[in-house]
Structure formats: C-alpha cells, structure tokens
Amino acid sequence: MARSKDGGRYRMSATPAIVMAEIFAVAAITLMLVSVLHFRGGFSLKSNNVVRLFNAHLVFMLFGPIIFTGQAIMAFKTVPGRRKVRKIVHMLFNLLGIFLGALGLLAIFRFYKQSGWSPNLHSLHSWTGIGVMGLYVIQFFLGFTFFLFPGAKKNMRTDMKPWHAFLGLTIFILAIFTSGTGLIERFRFLQLLKGREALLLNFTGIAIVLFGLSVVLSVILP
Ligand code: HEM
C-alpha cells in the first residue's frame, strides 16, 4: 500500500479509481456527443458550415488531449503483461492524443479563418490550449527518445522518470483546465443563459473534471 508523507496508508488500490475514470469518460463522451449531434447539427473537419467545424474542435479535443491522454496515464495499471508492452501502449495512446489534438486545432483554425468571428488566440483558453499542445509534443519527443528509441542509459532514465511523470500529469491537468475554459467560451459563443443545452454543457464539464481527478487518483494509489 502507498503511504502518505506522515506514514498513513490510503488502504485502497487503484482499481476503483480506474473504474470511476472509465465511467466518467463514457459520461463525458456521451454528453458531448448529445450536445454536438442532437443540439448543433454534427461535426466535420471539411465543411463549409462553420458550426460543424467548431463542433469538430470540441469532439477531437475531448477524445485527444483528455480521454486518450488519461488512458495513456492509466495504461501502466490497466494493461496486463510485460512492462515493455505497457510502455508501447502508453506511447500509442499518447500518439493518438496528440494526433486528435492536432485535428482539433486544425478544426478551430479553419473555423476562425472561414467565420472571421474574432482575432485568433485572443482568449485564456486559446493560450493555455496552445501551451498544452506545445508541451505535449515536447514531452512525447523526449519520452520516446529517452525511454523507447534509441533509449538513454539506465541511470539517465532513472533520473528522468519522475520528471517525465510530473510533466505528463501537469500537461493532463492543464488540458482539463483548458476544457473548462473552453466550455465557458462555448457558452459565450452560443449566448446560452439557461435551458437544457446549458445544463448539458455544465454536466459535461463536471464529468471531465471528475474523470481528471479519478485519473490522478489512480496514479497516486498503488
Ligand atoms: C471540452 C473541451 C473544449 C471546448 C468546449 C473548447 C472550446 C473552444 C472554443 C469555444 C474556442 C473558440 C474561442 C477561443 O478561441 O477561445 C476554442 C478555441 C481554441 N481551443 Fe478549445 N475547447 C476545448 C478543449 C480544448 C483543448 C483541450 C485544447 C488544447 C489542448 C484547446 C485548444 C484551443 C485553441 C488553441 C483555440 C484557439 C484557436 C485560435 O484562436 O485560433 N481546446 N476552443
């Protein structure tokens, strides 16, 4: 059992946290898809309809830097088999996270270009969003070269590991924060004040935050 600093124990394994994370992931995905498909006409990366481009940003960002990054973090506890296999699954989930994040950015940049809605990169959301994606790419590149190919010497890998874990969690938590400010931007854009769609968006935010907390807890617990 993992011990806290004062010697106390958590008296719990990571399994319940992982189960909760998967439940909140399904909840967040379902709520987001209902909001985009039922209320706002779907999503597309190649559309003349700017609303569908905008919606594609939400869907790709939820799946990429949030859901798949969370799965990558949990892979060391969810994937059975040798450590090497877990490392490769961790890398593949992160690759998917970056790829979908890049598609999400492409969608929102196309949206801005076609709609001329406001200047690019004006909001706190867009600043932290660019920061998250930049750090994510750097982290992936460093992690890949140090831990997979060609791989650094053992003592270097040992020194690097806690920093890799710290930066990885930082990026994930920043992505959760960014989705919160993104939902506020969404409210502003749609000029929502109350009603079913507003409720749906708030519950989506809550599901994303609870997913984030469960993933972090799964890392802390043994
Ligand atoms: C539920 C999740 C999300 C929602 C609802 C959302 C919503 C939005 C909205 C409404 C905009 C346009 C307004 C603005 O520029 O601030 C936007 C832009 C942007 N988003 Fe998100 N977003 C989400 C997740 C993310 C994530 C996780 C990232 C990055 C990791 C991100 C990165 C960006 C960037 C960089 C822009 C600015 C594009 C530009 O200014 O040209 N978003 N998002």
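Remember, it's a predicted structure, so these values are computed and weren't measured experimentally.

## Comments concerning the overall build of the protein chain
Part 1: Helices and strands together make up the secondary structure of the protein chain, namely six helices and zero strands.
Part 2: When the helices and strands of the protein chain are read in sequence order from the N terminus, they spell out α-α-α-α-α-α.
Part 3: The globule rule puts the C-alpha radius of gyration for 222 residues at 17 Å, and the 19 Å found for the protein chain is close to it.
Part 4: Relative to its full complement of 222 residues, the protein chain shows a buried share of 29%.

## Some thoughts on the packing of helix 4 (residues 124-148) against helix 5 (residues 154-190)
Part 1: Two numbers describe how helix 4 lies on helix 5: the axes approach to 9 Å, and their chain directions differ by 155°. Looking at the two axes, helix 4 sits roughly antiparallel to helix 5. Of the two elements, helix 4 crosses helix 5, and the hand of that crossing is left-handed.
Part 2: In the contact of helix 4 with helix 5, the residues fall into 12 nonpolar, 11 polar and two charged.

## Details of the environment of Leu 33
Part 1: Among the structural elements, Leu 33 can be located in helix 1 (residues 15-39).
Part 2: When the 16 C-beta atoms within 10 Å are taken as the criterion, Leu 33 is described as partly exposed.
Part 3: Taking the C-alpha atoms as reference points, Leu 33 and Phe 43, separated by 10 residues in sequence, lie 9.5 Å from one another.

## Regarding the UniProt feature "domain: Cytochrome b561" (unreviewed entry) in the protein chain
Part 1: Mapped onto this structure's residue numbering, the UniProt feature "domain: Cytochrome b561" (unreviewed entry) falls at residues 20-220.
Part 2: End C-alpha to end C-alpha, residues 20-220 measures 15 Å, and it is 84% helix and 0% strand.

## Overview of helix 2 (residues 50-78)
Part 1: Compared with the 42 Å implied by 1.5 Å per residue over 29 residues, the 39 Å span of helix 2 between its first and last C-alpha is a close match.
Part 2: Along helix 2, the helix axis deviates most sharply at Ala 72, where the bend reaches about 35°.
Part 3: With 22 of 29 residues buried, helix 2 is to be regarded as a mostly interior element.

## Comments concerning the UniProt feature "transmembrane region" (unreviewed entry) in the protein chain
Part 1: UniProt records the feature "transmembrane region" (unreviewed entry) at residues 12-34, 54-76, 88-112, 124-151, 163-184 and 199-221, using the numbering of this structure.
Part 2: Across residues 88-112, helical content stands at 100% and strand content at 0%; the span's end C-alpha atoms are separated by 36 Å.
Part 3: As annotated, residues 163-184 comprises 100% helix and 0% strand, and the C-alpha atoms at either end are separated by 32 Å.

## A word on the environment of Ile 208
Part 1: Structurally, Ile 208 is set in helix 6 (residues 196-220).
Part 2: Remark: the alpha-carbon pair of Ile 208 and Ser 123, spanning 85 residues in sequence, is separated by 21 Å.
Part 3: Beyond its immediate stretch of four places on either side in the chain, Ile 208 contacts Ala 28, Ile 66, Ile 176 and Ser 179.

## Re unusual backbone geometry
Part 1: Put simply, Phe 149 and Pro 150 share a cis peptide bond, and its omega is -5°.
Part 2: Relative to the helices and strands, Pro 150 resides in the loop between helix 4 and helix 5.
Part 3: Unusually for a residue other than glycine, Arg 11 sits at a positive phi of about 55°.
Part 4: In this structure, Arg 11 sits in the segment before helix 1.
Part 5: Judged by C-beta crowding, with 8 C-beta atoms within 10 Å, Arg 11 ranks as exposed.
Part 6: With a phi close to 50°, Leu 121 is a non-glycine residue in the positive phi region.

Conventions and cut-offs
- Residues numbered from 1 in each chain as written.
- Predicted model: local features only at pLDDT ≥ 70, side-chain atom pairs only at ≥ 80, totals over all residues.
- Helix = DSSP H or I, 4+ residues; strand = E, 2+ residues; numbered from the N terminus.
- Rg over C-alpha atoms; globule rule 2.2 N^0.38 Å.
- Buried ≥ 20, exposed ≤ 12 C-beta atoms within 10 Å, placed from the backbone.
- Axes fitted to C-alpha atoms, helices over the stretch in contact; angles between N-to-C directions.
- Parallel < 35°, antiparallel > 145°, perpendicular 65-115°, else oblique.
- Left-handed = near helix turned anticlockwise from the far one by under 90°.
- Nonpolar A, V, L, I, M, F, W, Y, C, P; charged D, E, K, R; others polar.
- UniProt positions renumbered as here; feature names shortened; annotations may be inferred.
- Expected span 1.5 Å × (residues − 1).
- Bend = angle between axes of the 7 residues up to and from the residue.
- Contact = placed C-beta atoms within 7 Å.

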